[in-house]
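A look at the structure
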Amino acid sequence: MDLDPGIRAYNWILESVHGTGSWKQSIEQRRKLVTEGKDFYFDTRLAEVVPQCPLLSLHVFPSRVFLHESVTASMVDLESGLVRPESGPVRPAVSDPDGVLKRSRELLDLFWDIAKPERDTRLQAAEKLVEQLKKSGEGDELTYAVKRLVNGLSHAREHARAGYSATLAQVLSMFEELSLKSTLDQIKEKHNLQAANKKQIRNVAFGSFFGVLALSQSTRLQKEPQVLLECVKLLQALSQYRDHLRELPRKTMVDILSETSEEVFEEVLLNALQTDLTSALSSPEQLELLLVALQKFPSIIKPAKLKKLLGSANIISKHTLPRLVEVLKTAARSVKKESVLPSVALDLLQVSLREDSFELFWKEAVIGGLLSDPPGPCHVQCYLAFRLLGAALPLLSVPQLQFVLSGDVMRRYGEHVVSAQLPERFKFSPEMDSFVSSFMQSCKEPDKQLTVILAFTQLTHQGYPAVPSFWKVLEHMEPEALRQYVVWLKEAFCRPQLDKCLEFSTRKQREGQETAVQGEPSVFRFRKWIVPRLTSIVENHQIKKDEELVMGIARFIFFHAFFDTKKATAEIPETKPALSVPLDNNTRSATSSAFYSLLQYLSVLPVLEDPAEAEAGAVSKRRALGVMADGSMWVYRLVEYADMLLKQDKRVRSTRTFTEEQVQAWDSMLQSVEALLKKVKKSPTPEHAAFQHLFLIIGIQMFKAPEDSVELLKDLRSCMEKAQAKKSKKKKKKEADGEEEPHWVEVVVEILLSLLSQPSRLIRNVCKTAFSRICPHLTQPALSAILNVLDPSKDEDESGVVVTDEKEGEQRKKRAVEDKEEEEDMDEDKEEDGEQEGEGEEESDSSDDDDDDEAMEEEQEEVDQNFRLELMKVLQGQNALATEADGSEEEDEMDDEAMMKLDKNLSTLFGEQRKKLQAKKDEKERLRREKTLVRDFKIKVLDLVEVFLTKQGNSALVLGMVEPLLSVIESGMSSESGQQEVDFLRRAADIFRNQLCRGKQYCRDVEGREAELHEMLERLIGRAQKLQESSVALYYFSAALYVVKVLRGVMKEADAAHAPAAEVKNMGKADVERVTRCFRDALSSFMSRRKSPLTADMFIDLFNRFPVVCVNLLDTTVENITAGVREHQQSQACVLVLRALQSKDVRQLMPSAQWTQLCQKTTQQLTQCLQAAEHKNKAVHEKTVKALELCHYLIKTIHTQKLEVNLDTLRDALRSRNADGSLQKAGQLEDTYWGVMKLFGLQKPKVEKVKKVVEEQTEQEAPKKKKKGFLPETKKRKNRKKPQVLEGKEAAVAAEAAAAEGEGGKKKKKKKNKKRKGQGGEEAQAQPPSKKAKVQPPQSNQSKKAKKKKKKAGGDQASAE
């Protein structure tokens, strides 16, 4: 029998790869399958053979090789690579004049791409397949494609199944000549559920389902009703395999039903679906099928028909509700993991709205059904009710919203929000927020929005709403709804009606296990929530609001923070709603804090404009912050409002009564602001705006701290007058007489520093803004005042200013503690007097012991000697020591009265000792808090330093900030490592490095200060050499480079044209010799000290920025290539010389003779360095690598520029360097070495790889080199079958012998192993073998193990040798 051409090709492939005897059996088995005309799959070498293909025996290999009847290839690409048939005759070349093979290969490649996991790849492959089938127009290929797609529907990978199904749907849609009936028959035949076994049932079920899905997506199913009916029946059969397919068949039936016409449904599908429709109330899928049919075909499924199916004319009725509840519970459990709303639940909700039975459905099904069970942490029915609530919001009217949002579902949601605050609890609130947010976005009706927001606001737990005060949902409110909501919040703050709120309580509170919040009524809790809600409306920039609304909120909060209503008046709208419950101190304090927080936001608030006006507005208006549309500041309008309230003393009353002096300060502040406003209109200047802002902020602070504000206002007014006053004759006379007054800027700086001591973010930002406006007028004394605060040596002096208020609070706290302790002592004495004798004796002893133990545990200090003496006196006074020394027989000598007196004296003594210990503890805590406040104050002062360096970086005053900032950094490096200290240090270092040293602006006018700057440079370099840490020395070195930059200044335009050749003459005011001498000393220190804080990167930075100094330091650097104290310094010298030679500026600054001399000297130093180098450690290795890198660049430069430099000695040194073959190891050193030698014309010798030969030789020579006892005992493999262990003495002798013969680098390791071996041997001798000998394995296994042992022994011996 002649073989198929594909079989012949396959035979030739196996013969050429495996030989002639390894393929006969498999070929005989496959030959039968081919002759029978069946499709079959080869192994991993041959994937598939399809004899039915019209191309006659088209074969598909995994490596994409295709063979034809007339194709005999000379080379085949298999998984193992290219295989050339050397033994057989040469095959003729492939001829494909019609392109049939190429098209077939492309076609078959597409089926591989369809099964790939990438979605885009699958879609592209499907489109290409359809296009290629269109172009070919051959029916056989189309039939084959359909068959391949049908076979792939049951693929094991889900991505492949989806790809084949989608492609099949597209093919059926594009080629209408394909019969859906025949395709469905193929699907049933290929994926037969009855013929499949247990292992195949899953894939077969998926194949049938994806086949029906492809037919439904082909858009042709409605044209063939009988095929549609069979598909529905097949889906009904697939519904039984719920373990694999779940609800997919039912959902597909719903999709098919939604696309079916009314005639087809009535004639074909109605009878087929009769069973499913009748049992609609038994499962969610069947109910969803009924609901879709009812919605799509209302004329067919009429109430009479529905009553016949369900027993009720409506879906929602008292008859059907119990079964509907069970269906909803089942649906809730089915989506427990997905956490989504089941579609059947939403459909029921819509049906209830259509049938006008929403309230019945909500009461009976949702509240009475889903919420009937008690709540729990994982109650899926409650979550379904919450999701129904969120999904129903866009569908309901205002009365229905009020009905839903005021029922038990909202109460249960509130309980969930409170209970979900515990850790590891599921939180539904984010999902509910998304529901409400989507409703607010889609709904543009203000009344509905207001209803929903008010309902969630009134959901309270003991007066506190369940939703947070800052709620992002408010971003989508319409302006009208927002305005009404703000009015409601103000009304609720003044007259809260908690009886109208939806109050809820937790289960534990209802059961009495938890009590309500003590000490705070619900009204106060509600008010504390309303104030942050009002401020959040202003501070959220996403909320659409106007200036009137913002100012109304700010006035309302300010009024209730500092004023009370006497009599309502129309002039003050805040007085109209009278307070039903007076404000308590805590609420007023919270309102005051909220006002200043709101004021902070208003100070940086952009101008509020309409969107159209904002786009057409000027850029200056966009950048204006803290002002209204008319240009006036928000704080100024609030100050005007506060002044109006102070004048209406008959109608309103301030909570803080101002004294006459404070009233005068307030009036004076207003006058100053009015005067500044007039001057700003005439000639606006930054200092006028700064004074105005300071006056307003300090003035508004009077309601919080009037005493401090009065003093600050006086100082601010006086310095404003000095700033505005012109020099008169009297002032000149005073200056001539030597009477100088502080400059106004100095006074302003003192005021700013005093304001910064307050813990207020508003004050901090205001001070920064005001300081930025007065920076141009800053003087040296004013800057010194700022730097003195940062001076580490003046912590104690500054801390007294910062913590003044803190000290008073601590003293009051301390007095309260002492009074409380005295009262407790008095109570204890009274209790002791009223107790019985024995009980009083025990209690007094125990109380004294407890007090003593607590003090000792808290302080962990030894008992004071004075306390010991006092205790001895008390005991001796009552003869207590004598009774203890004499024995137990004399205990009765002390009567009860004496015992009580002794107890009283001891109680007094221990009470005093406890007070002393508490005082020490309070003092320690006070010092800690004081230190924290001082550090926080200094962090705020750094803001002023940063502002000055940013605004006035080119001022000469900056030079006086260098050393103070360095002292701050240096002290911070050596101080404590607390988080606050770390933040302070990081901030100071960042300002110094980025704003000062690397700033674009620097001082360019140093006339008359040259000597001072040179002395500073010497101090900085000298200090850098004396430090211990390189991190601190880096800042000193950077400062020194900054000073050199200042001394150099900016070159003139005429000189800049000839730069850098003329740079030597244009180093500005810098003394080049002095600067060079300074840096040369630093370089010598770095090269001569073993532990120097300086690093090579510092000098590299110097060389790059100042080439003139680099040229002067090159000689010293070259000398240290060999003169460095250690190898590390020598390697760094090589790096510095390399960077200098690579600099173009250095080359241009040096004459040709000097450049040649430098290269010659460098060559000599490198020759000495390489001759003396020996590979001892890592440092020598590093030095050699750096020296070779320098050699490479130097030789290349000499050859390129053709310099007259003798390189023979260097070449000889390099050759001798590798005479012993020490540079043969692969790595950076070898590569660099041969890169240098290549410049001399020497190539790296090639090493032939003889890996296989070496392995064969080792296998053959291993038995010959076997020597007993050669390896140490620690290297030998133990034979577990023979529990023979060397004694400790013999093991030690063997280890010593091996260590003496081995290399020196392995001695320590072998000594350790020797000790462990000796210990293990002694222990093993004492113990019998724990396991029995195993049965002797077969001979083949033994031979394999023997070979492995021989290889291992040979490898160990080779390594030891």
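Quick notes on the overall build of the chain
- For the chain, the helix and strand inventory stands at 62 helices and nine strands.
- Within the span of the chain, comprising 1361 residues, buried residues form 44% of the whole.
- Counting only carbon and sulfur atoms, one obtains 48% of the accessible surface of the chain, whose full area is about 74300 Å².

Topic: the side chain of D564
- Tracing the backbone shows D564 in strand β8 (residues 563–565).
- Leaving out residues up to four positions away in the same chain, D564 has contacts with F559, R588, R651, V652, R653 and T655.

A look at the packing of helix α46 (residues 979–997) against helix α48 (residues 1030–1048)
- One can describe the packing of α46 onto α48 by two numbers: an axis separation of 11 Å at closest approach and a directional angle of 20 degrees. Between α46 and α48, the crossing angle belongs to the class labelled roughly parallel. Classified by chirality, the crossing of α48 by α46 is left-handed. Only Y1035, S1038, A1039, Y1042 and K1045 of α48 make contact with α46, whose side of the interface consists of A989, F992, R993, L996 and C997.
- For the contact of α46 with α48, a count of residues per class yields seven nonpolar, one polar and two charged.

Quick notes on the nonpolar core
- F771 and F1079 are the most contacted members of the largest nonpolar core, which totals 348 residues.
- With 13 residues, the single largest contributor to this core is α48.
- With sequence-adjacent residues up to four places away left out, F1079 is seen in contact with L1017, I1021, F1037, A1040, L1041, V1044, F1099, L1102, V1109 and L1113.
- Residues F867, L875, L906 and L909 belong to the second largest nonpolar core, which totals six residues.

Notes on helix α53 (residues 1127–1142)
- Here α53 is 16 residues long and its end C-alpha atoms lie 23 Å apart, about the 22 Å a rise of 1.5 Å per residue gives.
- Counting buried positions along α53 yields 12 of 16 residues, so the element is predominantly enclosed.
- Regarding α53, the residues found buried are Q1129, Q1130, S1131, Q1132, A1133, C1134, V1135, L1136, V1137, L1138, A1140 and L1141.

With respect to unusual backbone geometry
- Positive phi outside glycine occurs at D356, with the angle close to 60 degrees.
- In this fold, D356 is placed in the loop between α17 (343–354) and α18 (358–370).
- A relative accessible area of 72% means that D356 is categorised as exposed.
- Even without being a glycine, Q462 presents a positive backbone phi close to 55 degrees.

What about the environment of S312?
- In this fold, S312 is placed in the loop between α15 (303–310) and α16 (321–334).
- Assessed through its relative accessible area of 10%, S312 is described here as buried.
- Apart from residues no more than four positions distant in its own chain, S312 is found in contact with L306, K307, S317, H319 and T320.
- Side-chain polar atoms of S312 contact the backbone oxygen of N314, separated by 3.0 Å.

Quick word on the pattern of salt bridges
- Tallied over the full model, the rule gives 34 salt bridges.
- The shortest N-O distance in the salt bridge between E1018 and R1074 comes to 2.8 Å. Of this pair, E1018 sits in helix α47 (residues 1010–1026) while R1074 sits in helix α50 (residues 1072–1088), and the two are 56 residues apart along the sequence.
- Residue classification places R1074 among the partly exposed residues on the basis of a relative accessible area of 23%.
- One salt bridge in this structure joins D1101 and R1105, with 3.9 Å as the shortest N-O distance. Of this pair, D1101 and R1105 both sit in helix α51 (residues 1096–1105), four residues apart, which is roughly one turn of that helix.

Comments concerning the confidence of the model for the chain
- Predicted confidence across the chain gives a mean pLDDT of 75, with 72% of residues reaching 70 or more.
- Taken as a whole, residues 1282–1361 scores under 50 in pLDDT and shows 44 contacts with residues more than four places along the chain or in a different chain.

Details of the environment of T506
- Examined against the element boundaries, T506 turns out to sit in the loop between β7 (502–503) and α25 (507–510).
- The spatial distance from the C-alpha of T506 to the C-alpha of H461 is 8.7 Å, given a sequence separation of 45 residues.

Considerations on the sheet that holds β7
- If you trace the three strands from one edge of the open sheet to the other, you get β6-β5-β7, paired in mixed fashion. Every interior strand has two partners, whereas the edge strands, β6 (464–465) and β7, have only one.

Overview of a positive patch on the surface
- Taken together, the side chains of K678, K679, K681 and K682 present a region of like positive charge at the surface.
- Mapping K679 onto the fold places it in helix α32 (residues 660–682).

Some words on the packing of α51 against α53
- Where α51 meets α53, the axes come as close as 10 Å, and the angle between the chain directions of the two elements is 15 degrees. One finds that α51 runs roughly parallel with respect to α53. Remark: the crossing between α51 and α53 carries right-handed chirality. Counted together, A1096, F1099, I1100 and F1103 of α51 and Q1132, V1135, L1136, R1139 and A1140 of α53 form the full contact between these two elements.
- Of the residues belonging to the contact of α51 with α53, the class tally is seven nonpolar, one polar and one charged.

Re the packing of aromatic side chains
- For the coordinates displayed, the defined rule picks out 32 aromatic pairs.
- Measuring from ring centre to ring centre gives 6.2 Å for F111 and Y144, while their planes differ by 85 degrees; the resulting arrangement is edge-to-face. Here F111 is found in helix α3 (residues 100–114), whereas its partner Y144 is found in helix α5 (residues 139–151), with 33 residues between them in sequence. Y144 carries the same exposure label as F111, and that label is buried.
- Judged by centre distance (4.2 Å) and plane angle (10 degrees), the ring pair of F265 and F297 falls under stacked.

Regarding the side chain of Q1165
- Turning to its location among the elements, Q1165 is positioned in helix α55 (residues 1152–1172).
- Discounting chain neighbours no more than four positions away, the residues touching Q1165 are V1118, E1119, I1121 and T1122.

Some remarks on the environment of L752
- Along the chain, the position of L752 falls in helix α36 (residues 744–756).
- Distance in space between the C-alpha atoms of L752 and V766 is 9.1 Å, their sequence separation being 14 residues.
- Here L752 is in contact with L694, C767, A770, F771 and I774, once residues within four sequence places are set aside.

Regarding a negative patch on the surface
- Where like charges cluster on the molecular surface, the negative patch consists of E262, E263, E266 and E267.
- With respect to the helices and strands, the residue E263 is situated in helix α12 (residues 262–272).

Regarding helix α14 (residues 284–296)
- In a regular helix each residue adds 1.5 Å, so 13 residues correspond to 18 Å; α14 covers 18 Å between its end C-alpha atoms and thus fits that length.
- Counted residue by residue, α14 has 11 buried out of 13 residues, so it is predominantly covered.
- Of all the residues in α14, the buried ones are P284, E285, Q286, L287, E288, L289, L290, L291, V292, A293 and L294.

Criteria and cut-off values
- Residues numbered from 1 in each chain as written.
- Predicted model: local features only at pLDDT ≥ 70, side-chain atom pairs only at ≥ 80, totals over all residues.
- Heavy atoms only, no water.
- Helix = DSSP H or I, 4+ residues; strand = E, 2+ residues; numbered from the N terminus.
- Buried < 20%, exposed > 50% of the residue type's maximum accessible area, 1.4 Å probe, protein only.
- Areas by Shrake-Rupley, 256 points an atom, 1.4 Å probe, with all protein chains shown as cover.
- Contact = heavy atoms within 4.5 Å.
- Axes fitted to C-alpha atoms, helices over the stretch in contact; angles between N-to-C directions.
- Parallel < 35°, antiparallel > 145°, perpendicular 65-115°, else oblique.
- Left-handed = near helix turned anticlockwise from the far one by under 90°.
- Nonpolar A, V, L, I, M, F, W, Y, C, P; charged D, E, K, R; others polar.
- Core = buried A, V, L, I, M, F, W, Y, C linked by side-chain atoms within 4.5 Å.
- Expected span 1.5 Å × (residues − 1).
- Polar contact = N/O pair within 3.5 Å; in protein donor to acceptor, adjacent residues only side chain to side chain.
- Salt bridge = Lys/Arg side-chain N within 4 Å of Asp/Glu carboxyl O.
- pLDDT = per-residue confidence, 0-100.
- Pairing = 2+ DSSP bridges.
- Patch = residues over 30% accessible without salt bridge, like charges linked within 9 Å, V, L, I, M, F, W, Y side chains within 5 Å.
- Lys, Arg positive; Asp, Glu negative; His and termini not counted.
- Charge placed at Lys NZ, Arg CZ, Asp CG, Glu CD.
- Phe/Tyr/Trp six-rings, centres within 6.5 Å; stacked < 30°, edge-to-face > 60°.

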